[in-house]
Amino acid sequence: MPSKDVSDVGEVAEANEQLEVILPDEEHRTDFLRLMSQLTVDDEALVVLKGHLIVEEKLDEIIEAFVFHPEQLEAARLSFAQKVVIARSLSLDEHENTVWDLILKLNTLRNRLAHSLDGTARDRAMEVLRVSYSREFGGKPPEETDVIFLTSVATLSLGFLGSFLKEVKSAQEVLKCD
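Conventions used here
Residues numbered from 1 in each chain as written. Predicted model: local features only at pLDDT ≥ 70, side-chain atom pairs only at ≥ 80, totals over all residues. Heavy atoms only, no water. Axes fitted to C-alpha atoms, helices over the stretch in contact; angles between N-to-C directions. Helix = DSSP H or I, 4+ residues; strand = E, 2+ residues; numbered from the N terminus. Parallel < 35°, antiparallel > 145°, perpendicular 65-115°, else oblique. Left-handed = near helix turned anticlockwise from the far one by under 90°. Contact = heavy atoms within 4.5 Å. Nonpolar A, V, L, I, M, F, W, Y, C, P; charged D, E, K, R; others polar. Phe/Tyr/Trp six-rings, centres within 6.5 Å; stacked < 30°, edge-to-face > 60°. Buried < 20%, exposed > 50% of the residue type's maximum accessible area, 1.4 Å probe, protein only.

**Student:** For the packing of helix α3 (residues 43–64) against helix α4 (residues 80–90), give the residues involved together with the corresponding values.
**Tutor:** Between α3 and α4, the least distance of the axes is 9 Å, while the angle of their chain directions is 45°. Between α3 and α4, the angle is such that the two are oblique. In the crossing of α3 with α4, the sense of the turn from one axis to the other is left-handed. Taken together, the residues of α4 that come into contact with α3 (itself represented by His52, Val55, Glu56, Leu59, Asp60, Ile62 and Ile63) are Phe80, Lys83, Val84, Ile86, Ala87 and Leu90. Taken together, the residues of the contact of α3 with α4 break down into nine nonpolar, one polar and three charged.

**Student:** Run through the packing of aromatic side chains, naming residues and quoting values.
**Tutor:** This structure, assessed with the given rule, holds four aromatic pairs. Consider the rings of Trp100 and Phe164, whose centres lie 6.1 Å apart with planes at 85°: the pair is edge-to-face. One end of the pair, Trp100, is in helix α5 (residues 99–115); the other, Phe164, is in helix α7 (residues 146–175), and 64 residues separate them in sequence. Overall, Trp100 belongs to the buried group, its relative accessible area being 0%. Ring geometry for Tyr133 against Phe149: centres 5.2 Å apart, planes inclined by 90°, an arrangement best described as edge-to-face.

Such coordinate-based values are descriptive only and should not be taken to indicate function.
If you want it as structure tokens, here you go:
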């Protein structure tokens, strides 16, 4: 009776033969296998991508609160970094707050995830984000898991931007003319 390992080797060989039939070109097979290797569940990437998306929505809300026709902004196709700069420039007294830099570092990490499969670049961006985050909290390096850490970064960013938006809306109510 063959051992489980021999059976697994046979199954792999059979799968490779089937793949050769489906994708006869070796380069295509290599690309396909590379793609399949990237399709693992990556909780950290999910938190970064979804957190970044929600932060971007909050930036859009802030910018739109200052314009009369926000639908006109769509044609500008503003990048995330441009939205951060615009929102920051609209801040009366929080334009020097270091959370803005943290938000930009979150964007850098998101871009590394979205535009590169290079784990080293991702790790570097994560470390830069950790250093920036620790400065925000008195130099203590975060000791959480990556998922908890990234959730904390997104939550801090959203809280900061949410407070900013609340102040904008309060000011608009005061200035509203009847």
